[in-house]
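One letter stands for each residue in the lines below.
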Amino acid sequence: MTDWQEDLYRVLKEFDVSQVSYVPDAGHRVLIDKSLADPEMHSVPLTTEEEGIAMLAGAHLGGARGVAAMQSSGIGNCVNMFSLVKNGLFPMLVLVSMRGDFGEGNPWQMPMGQAVEPVMQAMGFVTVRIDRPEDVEGAVRAACTMVFQSGQAVGVLLTQKLIGAKAF
Amino acid sequence: MNEAFRAGTAAAMSPVGTLDRREAVPALVGNPQDWLIVAGLAGTARDTAALCEPEANYFACAGVMGGAVAMGLGLALARPDRKVLVLTGDGELLMNVGSLATVAILNPPNLSIVCVDNGHYGETGYQKSHTSLGVDLGAMASGAGIPAVRSVSEAGEIEEAGRLLREANGTSFVLLRVTPDAGPPAIKRSLDAALAKDRFRAATLPAG
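Scope of this entry: the structure provided in the associated data block. (Residues numbered from 1 in each chain as written. Chains lettered and ligands numbered in written order. Predicted model: local features only at pLDDT ≥ 70, side-chain atom pairs only at ≥ 80, totals over all residues.)

Considerations on the overall build of chain B
Along its length, chain B carries nine helices and eight strands. For a compact globule of 208 residues, the expected C-alpha radius of gyration is about 17 Å, and chain B comes in at 16 Å, within 12% of that figure. Counting only C-alpha atoms and orienting by the principal axes, one finds that chain B spans roughly 60 × 35 × 30 Å. Relative to its 208 residues, chain B shows a buried fraction of 48%. A fraction of 75% describes how many contacts in chain B between residues 6 or more apart in sequence connect residues 24 or more apart. (Helix = DSSP H or I, 4+ residues; strand = E, 2+ residues; numbered from the N terminus. Rg over C-alpha atoms; globule rule 2.2 N^0.38 Å. Buried ≥ 20, exposed ≤ 12 C-beta atoms within 10 Å, placed from the backbone. Contact = placed C-beta atoms within 7 Å.)

Thoughts on the sheet that holds strand E3 (residues 65-71) of chain A
All names here are of chain A. In spatial order, the strands read E2-E1-E3-E4-E6-E5; together these six strands make up an open sheet with parallel pairing. In this open sheet, the two strands that pair with only one neighbour each are strand E2 (42-45) and strand E5 (126-130). Taking the axes of each pair of neighbouring strands and ignoring which way they run, one obtains an average angle of 20° across the sheet. Bridge count between strand E1 (residues 17-22) and E3: five bridges; the pairing is parallel. Considered in E3, the bridge of Ser 21 is made with Ala 68. (Pairing = 2+ DSSP bridges. Axes fitted to C-alpha atoms, helices over the stretch in contact; angles between N-to-C directions.)

Describing the sheet that holds strand E7 (residues 148-152) of chain B
Residue and element names in this part refer to chain B. In spatial order, the strands read E2-E1-E3-E4-E8-E7; together these six strands make up an open sheet with parallel pairing. Edge positions in the sheet fall to strand E2 (58-60) and E7, since each has one partner strand and no second. Strand-to-strand twist of the sheet, defined as the mean angle between neighbouring strand axes without regard to direction, takes the value 15°. Pairing analysis gives six bridges linking strand E4 (residues 111-117) to strand E8 (residues 172-177), with the strands arranged parallel. From the neighbouring strand, Val 114 faces E8, where its bridge partner is Val 174. Helix H7 (residues 137-144) contacts E4, E7 and E8 of the sheet and is inclined by roughly 175° relative to E7.

Digging into the nonpolar core
Soluble globular proteins: nonpolar side chains tend toward being buried together. Formed by 114 residues in total, the largest nonpolar core has its most connected members in Ile 53, Val 96 and Val 156 of chain A together with Val 114 and Leu 176 of chain B. Examining the composition of this core, we find that nine residues originate from one element, helix H4 (residues 68-78) of chain B, more than from any other. Look past the residues within four positions of Val 114 of chain B in its chain and what remains in contact with it is Leu 28, Leu 85, Val 86, Leu 87, Val 174 and Leu 176 of chain B. (Core = buried A, V, L, I, M, F, W, Y, C linked by C-beta atoms within 7 Å.)

Side note on the interface of chain A and chain B
The interface of chain A with chain B comprises 26 residues on the first partner and 26 residues on the second. Of all the secondary-structure elements, those providing two or more residues to the side of chain A that touches chain B are E2, helix H3 (50-61) and helix H5 (82-88) of chain A.

Observations concerning the packing of helix H1 (residues 4-14) of chain A against helix H7 (residues 136-149) of chain A
Two quantities define a packed helix pair, namely the angle between the helix axes and the distance between the axes. Residues and elements named next belong to chain A. As a packed pair, H1 and H7 sit with axes 9 Å apart at the nearest point and diverge in direction by 25°. The orientation of H1 with respect to H7, classified from their angle, is roughly parallel. Here H1 and H7 pass one another in a crossing that is right-handed. Counting all contacts with H1, which are made through Trp 4, Asp 7, Leu 8 and Val 11, the residues of H7 involved are Val 136, Glu 137, Val 140, Arg 141 and Cys 144. (Parallel < 35°, antiparallel > 145°, perpendicular 65-115°, else oblique. Left-handed = near helix turned anticlockwise from the far one by under 90°.)

Points about the packing of helix H2 (residues 21-29) of chain B against helix H8 (residues 158-167) of chain B
All names here are of chain B. Between H2 and H8, the least distance of the axes is 8 Å, while the angle of their chain directions is 45°. Taken together, the axes of H2 and H8 are oblique relative to one another. Residue-level contacts link Ala 24, Ala 27 and Leu 28 of H2 to Ile 158, Ala 161 and Gly 162 of H8. Among the residues forming the contact of H2 with H8, the class breakdown is five nonpolar, one polar and no charged. (Nonpolar A, V, L, I, M, F, W, Y, C, P; charged D, E, K, R; others polar.)

This is a description of form; function is not addressed.
Listed below in structure tokens is the structure:
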């Protein structure tokens, strides 16, 4: 079995990502643990996900690269802060671990989960869905290229086909 | 509580600041060229533009309320070689007061935060903010764990607070209590965030 979370972290390092922001989520557990153990990475736990969007805009002002990792519900907390990305044309990489998606067992997660893509697209993001472990490395590399080379805002959706549905 | 709120500015529960921000902010910041500055929206954006123009060592918001402290954090982590200053208002900071907690656990020594507290939402008609009604953002900064915090209400306290902003070993926070009766400087500035971003980077990033 491909260890897609290892692939993901390796690609972020290849692209010189030095700041990782997150509100903890099980789907990002390996990313969070690896960033905490990595002396070259600023690993930043947030109180709400929108801080991460502002933080990474600040990182870009200082010439650094980062990634905001959040659960799908966190996208809802970020919407107005995305104005900074769209108006300021800031490069922005957001990794979204999906809930309210394929096979979801908690109805509270469904509304925001289903709204992630339309909301992100409305705020100017390109969205990339990843369903299979073997696709992670290539898709994250494509996303990083769009963000750090082409200056785009990209949301990478790690779907529940990839990370597994939580059936409670 | 509701009676005090409804009564408007005459019945404030917290002592209203008396400092004029047009004098107190420049005195506290000192030479603006010593800093990379992130400003929140509204009043502090004008304070900052008036301080820095025509130089481009600042990025000031005109929206995304609540984002200034976190922007300053990302910038401070990216530029350990420079001192980073966030200038934000009470209304803006109240919207994302949790960002004080996020900053505090990292405690970057090159990050300083000034909250220009006039106790009001100046941009929208001077409605009272929570800081007019007993909320103390300095105590919240201390409670978050920011190690160096001062509350400044008198001109004689500015010099020591300015030194703290520059010399603290960890993140510093100064609550600057100013009068709501004197607004920020009147200054026209571009609201084009992409232009402001490119201008800031061209002016402040090392060559190559």
